[in-house]
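Structural overview
Read off the chains here:
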Amino acid sequence: MSILLTGGSGKTAPRVAALLAADKKPFLLGSRQEPSAGSNGHPTVKFDMSDESTWTKLFESTQIKAVYMMEPRISEPWVPMNKFIDLAKKQGVNRFVLCAGTSATIGKDGMGRVWEHLIESGVDYCVLRPSWFMENLIEPGLAFTIGKLNKIFTAAQGGKIPFISAADIAEVAYHALTDEKSYNCDLRVLGPENLTYDQIAETLSKVLGRKIEHVKLDEAGRIDILVQAGLSEYFARFLTRLEVLASQDFEKGTSDAVERVTGHPPQSFAKFAEENKAVWSSN
Ligand SMILES: NC(=O)c1ccc[n+]([C@@H]2O[C@H](COP(=O)([O-])OP(=O)(O)OC[C@H]3O[C@@H](n4cnc5c(N)ncnc54)[C@H](OP(=O)(O)O)[C@@H]3O)[C@@H](O)[C@H]2O)c1
């Protein structure tokens, strides 16, 4: 019986895969991109939440006991996700771990609808509600503005965010998928400190030995800059909205979930910056 990890090329699933592999627990990465560059030689199957034929093929070939799921970037993602949960349950899957976010609320449009469906289906589940991933800062967009322009542009102003590493999220997901007793609750998966982008820039300046500036933009200015960088108007508005909410301390919070589940405190941003400094050292 295998564990299916969707989002095979994403920030957390490959890390969950590495933990399962080290523990010799059978798993499959599911990705829209066939055996992808991100799969590191791990067994990978084609999986697309928007393409039901990929679900059927998967269950024809493999017995799955648990699934790690995340939000696909499509409209009304809960519709196919809930349909997938129904099919998976019929095929014998009885545990689902959902990676959602701060805003997820049971029953509310978005991942809240999936959360509600998991409870109503009577399956074992855990809903992870991480804050923003530290790894966003090493994605191509921010790697470029920090590496080449020495700047971070946001509309987050002085909002505080408990940035969390994908490694910590993956470790919590690994336990939620494999611990004998299912958690059947949501977990706020947060980093150790509530940080403003000014503080992030300050830490990066120290680690890189050059000044990194946080440029605070208003909503319209932030949308403009994201559209200029090639994002769709829709996605630029979506990301900016998240930053505006963060400016109002929507993300701010504390939680001992990482330590309770994994036995160690979550990684600090200073350590993450030190480990990843090569990504931003392109001057
Ligand atoms: N990034 C953050 O700061 C943050 C903060 C809070 C919560 N979250 C949550 O964490 C999860 C991952 O977030 P992320 O945006 O940072 O992305 P990510 O870790 O880079 O991974 C997202 C993955 O979702 C998979 N995916 C996209 N569309 C799909 C589809 N139609 N069917 C199946 N898989 C699909 C893709 O994997 P393949 O291409 O391999 O299929 C993609 O790699 C999401 O649920 C998000 O809401 C993220």
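What comes next is a walk through the structure.

Burial within strand β5 (residues 95-99) is extensive, with five of its five residues counted as buried. Of the two faces of β5, the one carrying Arg95, Val97 and Cys99 and the one carrying Phe96 and Leu98 are both buried. Looking at chain direction, strand β4 (residues 64-70) and β5 are connected through five bridges and run parallel. Bridging across to β5, methionine 69 finds its partner in leucine 98. Crossover β4 to β5 through helix α3 (residues 78-90) is right-handed. Relative to strand β6 (residues 124-130), β5 runs parallel, the two sharing five bridges. The residue bridging leucine 98 from the neighbouring strand is valine 127, located in β6. Taken together, β5, helix α4 (residues 111-121) and β6 constitute a β-α-β crossover, and its handedness is right-handed.

Okay, the side chain of threonine 12 next. Checked against the element boundaries, threonine 12 lands in the loop between β1 (2-5) and α1 (13-22). Of note is the side chain of threonine 12, whose polar atom sits 2.8 Å from the side chain of tyrosine 68. Non-local contacts of threonine 12, meaning those with residues more than four positions away in its chain, are made with Tyr68, Met70, Phe133, Ala166, Ile169 and Ala170.

Turning our eyes to something else, we now look at the pairing of strand β2 (residues 27-31). Side chains on a regular strand alternate between the two faces of the sheet. Taken across its five residues, β2 has five buried, putting it largely inside the fold. Here β1 runs beside β2; their pairing, made up of three bridges, is parallel. Across the sheet, residue leucine 4 finds its bridge partner in β2, namely leucine 28. Crossover handedness for the path β1 to α1 to β2: right-handed. Judged from the three bridges that link them, β2 and strand β3 (residues 44-46) form a sheet pairing that is parallel. Each bridged residue has a counterpart across the sheet, and for serine 31 the counterpart in β3 is lysine 46.

Here is what the cut-offs are and how they apply
- Residues numbered from 1 in each chain as written.
- Predicted model: local features only at pLDDT ≥ 70, side-chain atom pairs only at ≥ 80, totals over all residues.
- Heavy atoms only, no water.
- Buried < 20%, exposed > 50% of the residue type's maximum accessible area, 1.4 Å probe, protein only.
- Helix = DSSP H or I, 4+ residues; strand = E, 2+ residues; numbered from the N terminus.
- Pairing = 2+ DSSP bridges.
- Right-handed = clockwise from strand over helix to strand, strands pointing away.
- Polar contact = N/O pair within 3.5 Å; in protein donor to acceptor, adjacent residues only side chain to side chain.
- Contact = heavy atoms within 4.5 Å.

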